[in-house]
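Read off the chains here:
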Amino acid sequence: MTTEEKHITSYSLYARVLIILMVLTAITITAPSLNLTAFTILIALVIASTKAGIVLTYFMHLKIENTLLRIMVIMVLGIYGSVIILTFADYIYR
Amino acid sequence: MTEESYPIAHPSYLVDTGKRKGIKAWLTTCDHKRIALLYLWSIMVFFIIGAILGETMRTELFRPGQQFYGPQTYNAIFTLHGLIMIFLIVIPGLTVVFGNFVMPIMIGANDVAFPRLNLFSWYLYILGAAVVVVSQFAGSGPPDTGWTFYAPYSTQTHTNVIAAVSGAFILGFSSILTGINFIVTIHRLRTPKMTFFKMPLLPWAVYATAWIQVLATPIIGITLLMIIGERVFRIGFFDPALGGDPILYQHLFWIYSHPAVYIMILPAMGVITEIIPTFSQRRIFGYKAIAFSSLAIAGVGYFVWGHHMFTSGMSKEAIWVFSLLTFLVAVPSAIKVFNWVTTMYKGSIDLKPPMLYAMAFIFLFTIGGLTGLVQGALATDIQVHDTSFIVAHFHYIIFGGVGFAFLGGLHYWYPKMFGRLYNIRTANIAWGFLFTGFNLLYFPQFVIGLEGMPRRYFDYLPQFTLSQQISTVGGYLLGIGLIIMIVNLFRKSGEKAPDNPWGGKTLEWQLPSPPPEENFSTPPNVSDFPYDYD
Ligand SMILES: [Cu+2]
């Protein structure tokens with residue numbers, strides 16, 4: 001099959017990713033106290049998705065994985081998104 | 001493709017070669033073939049229990065009014081019947097038995113990708129089953145919600161819902177782990193020459209199923225946890241009094257449980273796709289169409305769950321979309337039916353038991369599928385909703401489809417699994433009882449359903465008596481057929497099976513019957529087309 005390639009990710013990259021994740025967590029915690037009403041949920045969801053994306057890309061090595069795995073993950077996100085949209089086809093019009 | 005004989009130096013997988021012997025060897029095995037048999041035995045035991053529960057319900061329904069148990073017991077029994085049949089038998093069913101036993105051999109692999117995880121999945125399955133059994137006896141009485149656990153009833157009834165829900169939760173983990181295992185196996189362990197489009201169609205079906213297992217099962221997991229949360233902490237997910245929405249439960253439940261129907265039926269279709277070319281001695285018609293229709297069913301199948309909720313108060317815009325999508329998902333299933341029938345056309349058809357089951361599958365599945373469209377259409381669904389029409393449709397798909405495919409697969413690979421033959425004549429007689437009994441049992445329920453017989457009722461109006469009695473007699477014939485079949489398969493007197501008793505072309509028939517512990521000592525020959533008959 002495919003030949004095994006070795007990837008070495010530097011500690012500094014992991015450290016930077018960790019710092020970004022912690023900053024985002026801090027924003028998630030402080031955002032509700034700003035009383036932005038409905039935007040609070042939007043902010044929380046956007047930050048959570050960003051964090052999940054970063055974790056998938058760096059910690060779970062999607063950045064260096066082969067195309068097949070990337071296609072699989074994109075497919076999963078596509079199904080997940082479609083399920084959410086279909087569910088809201090009920091909630092928005094009910 | 002040449003018939004290869006393997007040196008006798010490799011003992012069969014049924015012989016203990018390791019340090020452990022007997023039952024200890026079986027309970028610690030990592031061999032995919034032995035694990036398949038562990039599942040087969042467990043499923044047989046649960047199936048006998050579930051079938052007996054079904055027979056008691058048919059007996060209770062023989063006459064209007066109470067015969068020998070009351071409504072609360074009836075509710076508990078149809079709940080347990082559903083839990084056992086759905087979560088313990090048809091959801092894992094064909095995947096864990098035939099997916100485990102023949103799929104790795106068909107792709108030229110010596111085992112699945114994670115053999116220990118495979119055994120662990122079986123232990124999780126047994127643990128989940130044990131918890132479901134405990135739910136019947138511990139706490140405040142057996143659950144009476146039906147296998148669907150609909151909120152708000154499931155969050156309020158005083159019966160032992162939490163234990164049953166936890167059992168289903170654990171069974172979900174078993175299913176996810178099996179799915180991951182099979183996806184990795186099919187991607188990584190195919191023998192070098194076995195490209196995706198040289199794979200037989202059962203691995204294709206198992207592959208599509210595995211994706212549904214991995215992607216849909218977590219949703220039922222979280223939903224079941226939400227029921228527990230609602231019952232214990234009164235969080236207010238589903239209870240309107242607490243600001244919740246009962247329809248949200250139905251969304252979450254069916255986002256899993258509709259795809260779960262495809263977890264059940266896709267491997268069944270895979271098994272049928274193996275049986276038909278062998279007993280027609282013809283190339284499968286439309287190989288790629290069947291392979292892609294498996295993927296299409298898996299893909300579109302995620303987006304049709306709302307058809308279970310047409311009368312529950314969903315928005316009409318959503319209802320239209322779900323009805324349209326439901327009609328679309330019927331297309332790939334129909335593609336398969338046309339391909340099977342076309343494969344048989346002008347073939348030299350050999351009516352051995354596996355083929356009888358496969359033909360029964362096509363007949364019963366088609367009736368089940370077409371009556372499904374009656375419910376997929378918005379106007380007619382209002383008439384048949386929550387009537388025994390649904391019960392009939394469901395059993396035509398799940399028993400007539402999945403069940404008959406399971407029995408067909410069992411009769412097809414039985415000589416390979418155990419190295420013995422069964423009595424063909426007796427098997428045919430058992431099939432006759434099963435087929436006749438099945439139709440007598442479920443067809444009248446279409447009729448009385450249209451006339452307004454509600455489902456899940458322990459009593460009925462006198463005008464339904466004759467149909468209910470025909471149905472009960474059918475149930476008994478079905479039971480007799482099952483007994484004949486089980487006795488025929490599992491008495492230890494069959495003559496030794498040849499390596500390829502049916503003239504099959506896929507790789508498992510090149511191995512001895514039963515296969516050696518390590519399937520292939522040298523990489524097998526892979527032909528350009530897995531069904532190379534003419
Ligand atoms: Cu459905």
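Residues numbered from 1 in each chain as written. Chains lettered and ligands numbered in written order. Predicted model: local features only at pLDDT ≥ 70, side-chain atom pairs only at ≥ 80, totals over all residues. Heavy atoms only, no water.

Visitor: Looking at this structure, I do not really get the nonpolar core. What am I missing?
Guide: One recurring pattern in soluble globular proteins: nonpolar side chains tend to sit buried together. By size, the foremost hydrophobic cluster in this structure holds 180 residues, and its most contacted members are B:Phe98 and B:Phe361. No other element matches the 20 residues that helix 10 (residues 246-280) of chain B contributes to this core. Other than its neighbours up to four places away in sequence, B:Phe98 contacts B:Met103, B:Leu202, B:Val271, B:Phe406, B:Gly409, B:Leu410, B:Trp413 and B:Met417. Ranked by size, the runner-up nonpolar core spans 5 residues in total, among them A:Val17, A:Leu21, A:Leu24 and A:Ile47. (Core = buried A, V, L, I, M, F, W, Y, C linked by side-chain atoms within 4.5 Å. Buried < 20%, exposed > 50% of the residue type's maximum accessible area, 1.4 Å probe, protein only. Helix = DSSP H or I, 4+ residues; strand = E, 2+ residues; numbered from the N terminus. Contact = heavy atoms within 4.5 Å.)

Visitor: In this structure, what is going on with the pattern of salt bridges? I would like to understand it.
Guide: Where charged atoms from two side chains of opposite charge approach closely, those side chains can pair. Counted according to the given criterion, the structure contains 10 salt bridges over all chains. Residue A:Asp90 is joined to A:Arg94 by a salt bridge in which the shortest nitrogen-to-oxygen separation is 2.7 Å. Take A:Asp90: its relative accessible area is 0%, and that puts it in the buried class. One network of salt bridges, in which partners are shared, links A:Asp90, A:Arg94 and B:Asp245. (Salt bridge = Lys/Arg side-chain N within 4 Å of Asp/Glu carboxyl O.)

Visitor: Can you help me understand the coordination of the copper ion in this one?
Guide: All names here are of chain B. For the copper ion, every protein donor is listed as His258 (ND1), His307 (NE2) and His308 (NE2), and the spread of their distances is 1.7 to 2.0 Å. Of note, the donors binding the copper ion are all from one chain and are spaced H-x48-H-H. Judged by relative accessible area, which is 16%, His307 ranks as buried. (Donors = N, O, S within 2.8 Å, 3.2 Å for Na, K, Ca; no water.)

Visitor: Before we go on, may I ask you to explain the side chain of B:Thr145 in this structure?
Guide: Residue and element names in this part refer to chain B. Along the chain, Thr145 turns up in the loop between helix 6 (115-137) and helix 7 (153-156). For Thr145, a relative accessible area of 8% corresponds to the buried category. Not counting the four nearest positions on each side in its chain, Thr145 is found in contact with Thr79, Tyr153, Ser154, Thr157, Val161 and Arg456.

Visitor: Any chance you could explain the packing of helix 3 (residues 67-93) of chain A against helix 12 (residues 316-344) of chain B here in plain terms?
Guide: Angle between the axes and distance between the axes are the two parameters that describe a pair of packed helices. Packing of helix 3 of chain A against helix 12 of chain B leaves a shortest axis separation of 8 Å and a crossing angle of 155°. Here helix 12 of chain B runs roughly antiparallel to helix 3 of chain A, going by the angle between their axes. Here A:Leu86, A:Ala89, A:Asp90 and A:Tyr93 of helix 3 of chain A come into contact with helix 12 of chain B, specifically with B:Glu317, B:Ala318, B:Val321, B:Phe322 and B:Leu325. Taken together, the residues that form the contact of helix 3 of chain A with helix 12 of chain B break down as 7 nonpolar, no polar and 2 charged. (Axes fitted to C-alpha atoms, helices over the stretch in contact; angles between N-to-C directions. Parallel < 35°, antiparallel > 145°, perpendicular 65-115°, else oblique. Nonpolar A, V, L, I, M, F, W, Y, C, P; charged D, E, K, R; others polar.)

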